[in-house]
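Spelled out, the chains give:
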Amino acid sequence: RRMVRETVVGVDDLIYPLFAVHGTGVAREVASMPGVFQYSVDRLVKEAAEVAALGIPAVILFGVPRVKDAAGSEASDDDGIIPLAVRALKDQVPDLAVITDVCLCEYTDHGHCGLVKDGVVQNDPTVERLVAEALAHARAGADMVAPSDMMDGRVGAIRRALDDAGFPDT
C-alpha cells in the first residue's frame, strides 16, 4: 500500500520564495500576489529566519534590481541584489539552503528572458549572460542555482562553468 498511496507533502519538501529589493526596512506587497512581499535584505533575513524556525529547509530568491536595462546588467553583478541577499542569508541563517533564480527577465527593461536584438531573442549571448549570473550567485554562496529561462543549452553551459570555477557542489 505504501508504494501506491497518495503523495505526501511535508515541510521537508517546501521551498519558500522570497523577492529581494534594494534599500533598508522595505516590505512592499506585490499587488498581483496578495500576501507576497518584496523585502530589502535586512527584512528578508528576518523573514528567512522565521521560515527556518518553521522547519522549511530552503528559500528561493528572486531579485528586483535597482535599474533595469536591455542587457540585464545587475543579474551578474557581484554586488547586485541577489549576491547581497545570499551573503546575508548565509551569514545570518547559515543552515538554510539558498536557491537562486537564474533568469534575465526581472533584470531587463523589456522583461524578456533573453537578450533581444532587432526584435529577436539571441540564444547564445543570453546563455553567456546566464552563466555569468549563475557564477555571481555561486561566488556569493548560493547552494543551488535554478535557471528558469527558456534558452537552449543553458543548463549544460552553467554546469560546465560552475565546475570550471570550482563550484562542483553548487
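Before going into details, it helps to say that this report is about the structure given with it. Please read all numbers here as calculations on a predicted model, not as lab measurements. (Residues numbered from 1 in each chain as written. Predicted model: local features only at pLDDT ≥ 70, side-chain atom pairs only at ≥ 80, totals over all residues. Heavy atoms only, no water.)

## What to know about the nonpolar core
Judged by nonpolar contacts, the single largest core of 39 residues is most densely connected at Leu44, Val59, Leu61 and Leu89. Elements with a minimum of two residues in this core: β1 (15-21), α1 (41-53), β4 (58-64), α2 (81-92), β5 (97-102), α3 (123-140) and α4 (154-164). For this core, the element with the most residues is α3, which contributes seven residues. (Core = buried A, V, L, I, M, F, W, Y, C linked by side-chain atoms within 4.5 Å. Buried < 20%, exposed > 50% of the residue type's maximum accessible area, 1.4 Å probe, protein only. Helix = DSSP H or I, 4+ residues; strand = E, 2+ residues; numbered from the N terminus.)

## Quick look at the pairing of β4
By the criterion of burial, β4 is predominantly enclosed, with five of the seven residues buried. The pairing of β1 with β4 spans seven bridges and is classified as parallel. Its bridge partner lying in β4, leucine 18 is registered against leucine 61. As paired strands, β4 and β5 are joined by four bridges and run parallel to one another. Residue pairing across strands places alanine 58 opposite alanine 97, the latter belonging to β5. (Pairing = 2+ DSSP bridges.)

## Remarks on a nonpolar patch on the surface
Together, Val9, Val11 and Leu14 line one region of the surface with nonpolar side chains, adding up to about 240 Å² of accessible area. Residue valine 11 is classed as partly exposed on the basis of its relative accessible area, which comes to 36%. (Patch = residues over 30% accessible without salt bridge, like charges linked within 9 Å, V, L, I, M, F, W, Y side chains within 5 Å. Areas by Shrake-Rupley, 256 points an atom, 1.4 Å probe, with all protein chains shown as cover. Salt bridge = Lys/Arg side-chain N within 4 Å of Asp/Glu carboxyl O.)

## Some words on α1
In a regular helix each residue adds 1.5 Å, so 13 residues correspond to 18 Å; α1 covers 18 Å between its end C-alpha atoms and thus fits that length. Val41, Leu44, Val45, Glu47, Ala48 and Val51 are the residues of α1 that are buried. One face of α1 carries all of its buried residues, which in axial projection span an arc of 165°. α1 presents Lys46, Glu50 and Ala53 as exposed residues on the side facing more than 90 degrees away from its buried surface. Contacts made by the buried residues of α1 are with β1, β3 (37-40), β4 and α2. Just downstream of α1, glycine 55 is the residue with a positive phi angle, here 95°. (Expected span 1.5 Å × (residues − 1). Arc of directions from axis to C-beta. Contact = heavy atoms within 4.5 Å.)

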